[in-house]
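Tertiary structure, described
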Amino acid sequence: MLFRSKTERLTTADAFDGFSDTDWDTPSLCDGWRNRDTLAHIVATAELTTGGFLGGMVRNGFSFTRMVAGDIRRVGADDPATLVGRLRTAANGQNHPPGPVASMLMEIVVHGEDIAFALGKPIHHSNEGLLGAADFAKNAQPLVGCRKRIAGLSLHATDHEWSTGTGPEVRGPLVALLLAMSGRKAALDSLTGDGVEILRTRD
């Protein structure tokens, strides 16, 4: 799984090459974050060690939100081209914060798409990376809330052999399903089925 995260980080860095300043200043799918802020978060997470995570939580009064905001300010002081280079370097390391390694795969795929999907630009994910991120996300609850968000719904990918759940259907490309599971309502317009309107009502 760590190898898949490495591959997806490199793929994502490649997709970001050549983005303009306007692209980086465009709002991402993360509320309140520009694309350059989301990139800073991706890099900060990719470089984070267990010790760094614990120290950051202590310094920020055990507020995860405050720690993330501080990391974005600190890492985001670098220009986007430098940050893309740092992402490539981090992809070849072994660092990750505490928690399941699979969460890092979901992290890079979803946040990469927070940038690329918002711009209408593709990231050429590996099948293994995208499927692994979706398989983790469908049961993920702390911090991301995916499991509760899709409860009672049936999700079916139209471009991969992947589905989960029972109930009203939500159908579409796996990237859009993954973003919808993660609470990105902008992806819902790429999906069809009776379950889409239910998802629109869920935070």
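Refer to the preceding data block for the structure.
Note that the coordinates shown come from a computational prediction; the quantities given were computed from them, not determined experimentally.

1. Looking at the nonpolar core
- Formed by 50 residues in total, the largest nonpolar core has its most connected members in Phe-16 and Met-181.
- Ranked by residues supplied to this core, first place goes to helix 10 (residues 174-181) with 8 residues.
- Setting aside residues up to four positions removed in sequence, Phe-16 forms contacts with Trp-24, Leu-39, Ile-42, Val-84, Gly-112, Ile-115 and Ile-123.

2. Re the pattern of salt bridges
- Counted by the stated rule, this structure contains 14 salt bridges.
- With a closest N to O distance of 2.9 Å, Arg-200 and Asp-189 form a salt bridge. With Arg-200 in helix 11 (residues 195-200) and Asp-189 in the loop between helix 10 and helix 11, this residue pair connects regions lying 11 residues apart in the sequence.
- Among the ionic contacts, a cluster of salt bridges with common partners joins Asp-25, Arg-34, Arg-36 and Asp-37.

3. Side note on the sheet that holds strand 2 (residues 163-164)
- Spatially, 3 strands are ordered 2-1-3 in an open sheet, and the strand pairing comes out mixed. Each end of this open sheet is capped by a strand with a single partner; those strands are strand 2 and strand 3 (169-172).
- With 2 bridges joining them, strand 1 (residues 154-157) and strand 2 adopt antiparallel strand pairing. Bridged to Leu-155 within strand 2 is Thr-164.
- On top of the sheet, helix 10 reaches strand 1 and strand 3; it is set at about 150° to strand 1, its chief contact.

4. Considerations on the packing of helix 7 (residues 101-119) against helix 10
- Put simply, helix 7 and helix 10 touch, their axes get as near as 10 Å, and they point 105° apart. Relative to helix 10, the element helix 7 is oriented roughly perpendicular. The residues of helix 10 that touch helix 7, namely those facing Val-109, Val-110, Glu-113, Asp-114 and Phe-117, are Val-175, Leu-178 and Leu-179.
- Among the residues forming the contact of helix 7 with helix 10, the class breakdown is 6 nonpolar, no polar and 2 charged.

5. Some words on the packing of aromatic side chains
- What the rule picks out here adds up to 3 aromatic pairs.
- Ring geometry for Phe-16 and Phe-19: centres 5.4 Å apart, planes at 50°, overall tilted.
- By relative accessible area, which is 2% here, Phe-16 ends up buried.
- Assessed through its relative accessible area of 13%, Phe-19 is described here as buried.
- Judged by centre distance (5.4 Å) and plane angle (85°), the rings of Phe-16 and Trp-24 are edge-to-face.
- An aromatic cluster is built from Phe-16, Phe-19 and Trp-24, whose rings are joined through pairwise contacts.
- Over the ring of Phe-19 we find Lys-121; its NZ or CZ atom is 4.5 Å from the centre of that ring.

6. With respect to the environment of Trp-162
- In this structure, Trp-162 sits in the loop between strand 1 and strand 2.
- For Trp-162, the contacting residues outside a window of four places in its chain are Leu-131, Ala-134, Asp-135, Lys-138, Leu-155, His-156, Ala-157, Leu-174, Leu-177 and Met-181.

7. Structural notes on the packing of helix 3 (residues 35-47) against helix 5 (residues 64-75)
- Between helix 3 and helix 5, the shortest axis-to-axis distance is 8 Å and the interhelical angle comes to 100°. It follows from the interaxial angle that helix 3 and helix 5 lie roughly perpendicular. Residues Asp-37, Ala-40, His-41, Val-43 and Ala-44 of helix 3 touch helix 5, and the partners they reach there are Val-68, Asp-71, Ile-72 and Val-75.

Thresholds, definitions, all that
- Residues numbered from 1 in each chain as written.
- Predicted model: local features only at pLDDT ≥ 70, side-chain atom pairs only at ≥ 80, totals over all residues.
- Heavy atoms only, no water.
- Core = buried A, V, L, I, M, F, W, Y, C linked by side-chain atoms within 4.5 Å.
- Buried < 20%, exposed > 50% of the residue type's maximum accessible area, 1.4 Å probe, protein only.
- Helix = DSSP H or I, 4+ residues; strand = E, 2+ residues; numbered from the N terminus.
- Contact = heavy atoms within 4.5 Å.
- Salt bridge = Lys/Arg side-chain N within 4 Å of Asp/Glu carboxyl O.
- Pairing = 2+ DSSP bridges.
- Axes fitted to C-alpha atoms, helices over the stretch in contact; angles between N-to-C directions.
- Parallel < 35°, antiparallel > 145°, perpendicular 65-115°, else oblique.
- Nonpolar A, V, L, I, M, F, W, Y, C, P; charged D, E, K, R; others polar.
- Phe/Tyr/Trp six-rings, centres within 6.5 Å; stacked < 30°, edge-to-face > 60°.
- Lys NZ or Arg CZ within 6 Å of the ring centre and 35° of its normal.

Worth remembering: the numbers are spatial, not functional.
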